Amino acid sequence: MAVATGPHSQFHRRHTIGSRNNLGLQSKSPMETGEQRGVKRSATPVKQFPRSSFISGHNLDEYEHDLQGFLGHEDVIVTPFAQILQTLRTVRSNFIYITKVANPKMRRGSSCAPQPTTSNNNLKHSGLIIDDENQKMARDTLDELDWCLDQLETMHTHRSVGDMASNKFRKMLGKELTAFEADDSNPVGNSRVSDFIFQNYLNKEQELDLPSPKEQDGVNKLPVSTAMSSDSVGPSSSEISSNHSNRHIQTISHRVLSKTDSLSNTIPECPEDIPVSGVETTHQQELMQYLGEVDNWGIDVFKISELSNNRPLTCITYTIMKKRNLLNTFQINPQTLVTYLMHLEAHYHQDVPYHNNMHAADVVQSAHVLLNAQPIFNDLEVLATLFACAAHDVDHPGVSNQFLVTTENRLAWLYNDESVLENHHISLAFQLLKDEGCNIFDNLAPKQWKSVRKMAIDMVLSTDMSKHMGLLAELKTMVETKKVAAAYELKLDNYAERIQVLQNLVHCADLGNPAKPLQFYKQWTDRITEEFFNQGDEEKRRDISLSPMCERPENKALRDESVAKTQVGFITYIVHPLWETWGDLVSDASTQLLHLEDNRDYYDKMYQDCVKKRLTETSTVPALTPSGEDVADNE
């Protein structure tokens, strides 16, 4: 086979740009090797001013210079992403040169000029015989390469690769929900479900009152070197001050969110002789029978709550941590653990239908089962995960983040409208450790303590449901990267990858209700529905716009239809894709996926029956005369 010659004939060199290991394999960092990539230190100081920074590319080692020679450019490129992009452009040029395939278009920034269409006769004269089949393959290959370049060139360089998948999933979900709304049986209800999904599970771009292009008069038309970001455009501090000087931050109804001190007298004291379940109850034996199923998916948290005197979080978390031997591993005093859990559980509101101590207990137990199914995490990571799950909704007021932002609640101002409740949950959980006899991490080494705190914060903040699409996209990217790299074993050798999996594990546990047996899922559905309606009632009282799915229906029939349709959409577009992707990662989520299918079918049938009943009743309503009399009576 003839070797092509030309301006890019060095294409046959084998090279690697940056770190291109398989998932979980990590190359040594400069600190480990004692070298700083791309920088050569001279034995004598160089007296030159001004000197270039280490990222300018003027201090390249021999490898980098060889790479630039391959790329054929005088301008030095040092960032890995730009190197990959430029190399792919060079690959495209070389591919066209070697195969003589017709260049379909002149790409933006391409280093190759458009090539004329080359017939097979011309190829014969050039010494290359390429049949039609190979030409077709070459054209298809070039199309694939152009698609890759288009994707890379339109990436925002300040965003992660996961954002590419997230943006794509948004578009895909948008198309699905458009078709969902087109259902003629209840278009208004379908639209509300779509609004609910978009508002709660997609992190929307911030809507700002920006000046129009005419008003800007070229403000945003700055060169790349000086225009760092257009996001900086916004109201000045003086404008904010004048707009809000006479406003006050309101709390939710009568509830004060931060109750660290207010409940100190109502928290039960830990008994000196701790019962086997961690809580005192007259039903100890029966309670232990239910707790004996703690390793199984879908235990009866409602019954455990009843048997434990409404302390399911304390007894379930205590049982799991004892079972995992975490008390001995980290020298946690059992009485300290029970005291802290009782304090934590007392800060969950009993009058909140869904986001209460039973939900927290359910998430802890679900995460425990998922951790058992994938035993690749160490004890410290398990401890942080269970702690995060137990604390992830503490002091939840029963309303959404958006409600707090809209009503200018003091927490929204404290956390600058970002993951308001999630920031409050984890902050309060750590504050409670300072209560007397509550510091369960007292015997951790300083490095262990910092690690637990970092992991717990990262996990709880990821439970903000507006981050759902980003978590799903990053998880899907990890799964598909693993498949493309033919890496059949999941290896997580750095913090970023390990915490990413743990965040998704907690997210799956938090969205685990639809993947539980129907008898439990129905109870959770009733509870979250009532919580939504309570928020809608409060929004009406305050005369603010109603959040999607928060308007209380006029009667039970309309309520059942609305609930059923919401659950079908929730499972189809939010929960099922998450669990499906989690199953691809851990190789087994069959139990959860089967429950999801059964529960979706149940609510879909419920919805169809409601629609049929409503349409039947509408068609059989007797016509009325102008005076209001039944037509049939007049006959």
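Residues numbered from 1 in each chain as written. Predicted model: local features only at pLDDT ≥ 70, side-chain atom pairs only at ≥ 80, totals over all residues. Heavy atoms only, no water.

## What to know about the confidence of the model for the protein
Part 1 of the reasoning: Confidence in the prediction for the protein averages 75 pLDDT; 61% of positions are at 70 or higher.
Part 2 of the reasoning: Contacts from residues 1-57, a stretch scored under 50 in pLDDT, to residues over four places away or in other chains number 66 contacts.
Part 3 of the reasoning: Every residue in residues 205-265 scores below 50 in pLDDT, and together they form 58 contacts with partners more than four places removed in sequence or on other chains. (pLDDT = per-residue confidence, 0-100. Contact = heavy atoms within 4.5 Å.)

## Digging into empty space enclosed by the protein
Part 1 of the reasoning: A full pass over the atoms with the stated rule returns two cavities of 30 Å³ or more.
Part 2 of the reasoning: In this structure, the largest cavity encloses a volume near 60 Å³.
Part 3 of the reasoning: The wall of the largest cavity is formed by Thr317, Met321, Leu337, Tyr340, Leu341, Leu344, Leu383, Leu386, Phe387, Ala390 and Ile440.
Part 4 of the reasoning: At the level of elements, helix H12 (312-323), helix H14 (334-346) and helix H16 (379-391) are the ones that each hand at least two residues to the lining of the largest cavity.
Part 5 of the reasoning: Classifying every residue of the lining of the largest cavity by side-chain character gives 10 nonpolar, one polar and no charged.
Part 6 of the reasoning: Volume-wise, the second largest cavity comes out at about 40 Å³.
Part 7 of the reasoning: Forming the boundary of the second largest cavity are Gly298, Ile299, Val301, Phe302, Asp362, Lys516, Phe520 and Trp524.
Part 8 of the reasoning: Those elements that place two or more of their residues in the lining of the second largest cavity are helix H11 (301-307) and helix H23 (518-542).
Part 9 of the reasoning: Counted by class, the lining of the second largest cavity contains five nonpolar, one polar and two charged residues. (1 Å grid on protein atoms, 1.4 Å probe; cavity = no way out; pocket = protein on both sides within 12 Å on 5 of 7 lines; lining within 4 Å. Points joined across faces, edges and corners; volume = space filled by probe spheres on them. Helix = DSSP H or I, 4+ residues; strand = E, 2+ residues; numbered from the N terminus. Nonpolar A, V, L, I, M, F, W, Y, C, P; charged D, E, K, R; others polar.)

## Here we look at H12
Part 1 of the reasoning: Between the first and last C-alpha of H12 there are 16 Å, a value that for 12 residues agrees with the 16 Å anticipated at 1.5 Å per step.
Part 2 of the reasoning: Most of H12 sits out of view: 10 of its 12 residues are buried.
Part 3 of the reasoning: If you follow the buried residues of H12, they end up packed against helix H10 (284-291), H11, helix H13 (326-329), H14, helix H15 (357-373) and H16.
Part 4 of the reasoning: Immediately beyond the C-terminal end of H12, within one or two residues, lies Asn325, with a positive phi of roughly 65°. (Expected span 1.5 Å × (residues − 1). Buried < 20%, exposed > 50% of the residue type's maximum accessible area, 1.4 Å probe, protein only.)

## A word on unusual backbone geometry
Part 1 of the reasoning: Here the phi dihedral of Asn309 falls at roughly 60°; this positive angle occurs in a residue that is not glycine.
Part 2 of the reasoning: Of note, Asn309 is situated in the loop between H11 and H12.
Part 3 of the reasoning: A positive phi angle is found at Met549, which is not glycine, with a value near 65°.
Part 4 of the reasoning: Relative to the helices and strands, Met549 resides in the loop between H23 and helix H24 (556-586).

## A look at the nonpolar core
Part 1 of the reasoning: Counting 105 residues, the largest nonpolar core has Ile316, Tyr340, Leu344, Phe387, Trp579 and Trp582 as its most contacted members.
Part 2 of the reasoning: Here this core gets 13 residues from one element, more than from any other, and that element is H24.
Part 3 of the reasoning: For Leu344, the contacting residues outside a window of four places in its chain are Leu313, Ala390, Ala391, Val394, Ala429 and Leu432.
Part 4 of the reasoning: Judged by nonpolar contacts, the second largest core, of eight residues, contains Leu404, Leu411, Tyr415 and Val420. (Core = buried A, V, L, I, M, F, W, Y, C linked by side-chain atoms within 4.5 Å.)

## Overview of the side chain of Thr463
Part 1 of the reasoning: Structurally, Thr463 is set in the loop between helix H20 (446-461) and helix H21 (468-484).
Part 2 of the reasoning: A distance of 2.5 Å separates the side chain of Thr463 from the backbone oxygen of Val460, its partner in a polar contact.
Part 3 of the reasoning: Among residues more than four places away in sequence, those in contact with Thr463 are His392, Glu422, Val506 and Asp510. (Polar contact = N/O pair within 3.5 Å; in protein donor to acceptor, adjacent residues only side chain to side chain.)

## A short note on the packing of H23 against H24
Axes are the key here: two packed helices are described by the angle between their axes and the distance separating the axes.
Part 1 of the reasoning: Running from N to C, H23 and H24 cross one another at 110°; their axes reach a closest spacing of 11 Å. For the element pair H23 / H24, the angle class is roughly perpendicular. Contact residues: H23 offers Tyr521, Thr525, Asp526, Thr529 and Phe533, while H24 offers Arg559, Val563, Gln567, Phe570 and Ile571.
Part 2 of the reasoning: Looking at side-chain class alone, the contact of H23 with H24 contains five nonpolar, three polar and two charged residues. (Axes fitted to C-alpha atoms, helices over the stretch in contact; angles between N-to-C directions. Parallel < 35°, antiparallel > 145°, perpendicular 65-115°, else oblique.)

## Observations regarding helix H19 (residues 420-432)
Part 1 of the reasoning: The end-to-end C-alpha separation of H19 is 19 Å, in line with the 18 Å expected for 13 residues at 1.5 Å each.
Part 2 of the reasoning: By the criterion of burial, H19 is predominantly enclosed, with 10 of the 13 residues buried.
Part 3 of the reasoning: Here the buried face of H19 lies against H14, H16, helix H17 (401-406), helix H18 (410-414) and H20.

## Side note on the packing of aromatic side chains
Part 1 of the reasoning: One pass over the full model with this rule turns up 10 aromatic pairs.
Part 2 of the reasoning: An angle of 75° between the planes, with centres 5.5 Å apart, marks the rings of Trp297 and Trp579 as edge-to-face. Taken as a pair, Trp297 in the loop between H10 and H11 and Trp579 in helix H24 lie far apart in primary sequence, 282 residues in all.
Part 3 of the reasoning: Taking the centre distance of 6.0 Å and the plane angle of 25° together, the rings of Tyr340 and Phe387 count as stacked. Pair noted here: Tyr340 is in helix H14 and Phe387 is in helix H16, with a separation of 47 residues, a long-range link. For the pair Tyr340 and Phe387, one class covers both residues: buried.
Part 4 of the reasoning: Taken together, the ring pairs in this structure connect Tyr340, Phe387, Phe430, Phe441 and Trp449 into an aromatic cluster.
Part 5 of the reasoning: Positioned above the aromatic ring of Trp297, the side-chain terminus of Lys516 is 4.8 Å from the ring centre. (Phe/Tyr/Trp six-rings, centres within 6.5 Å; stacked < 30°, edge-to-face > 60°. Lys NZ or Arg CZ within 6 Å of the ring centre and 35° of its normal.)

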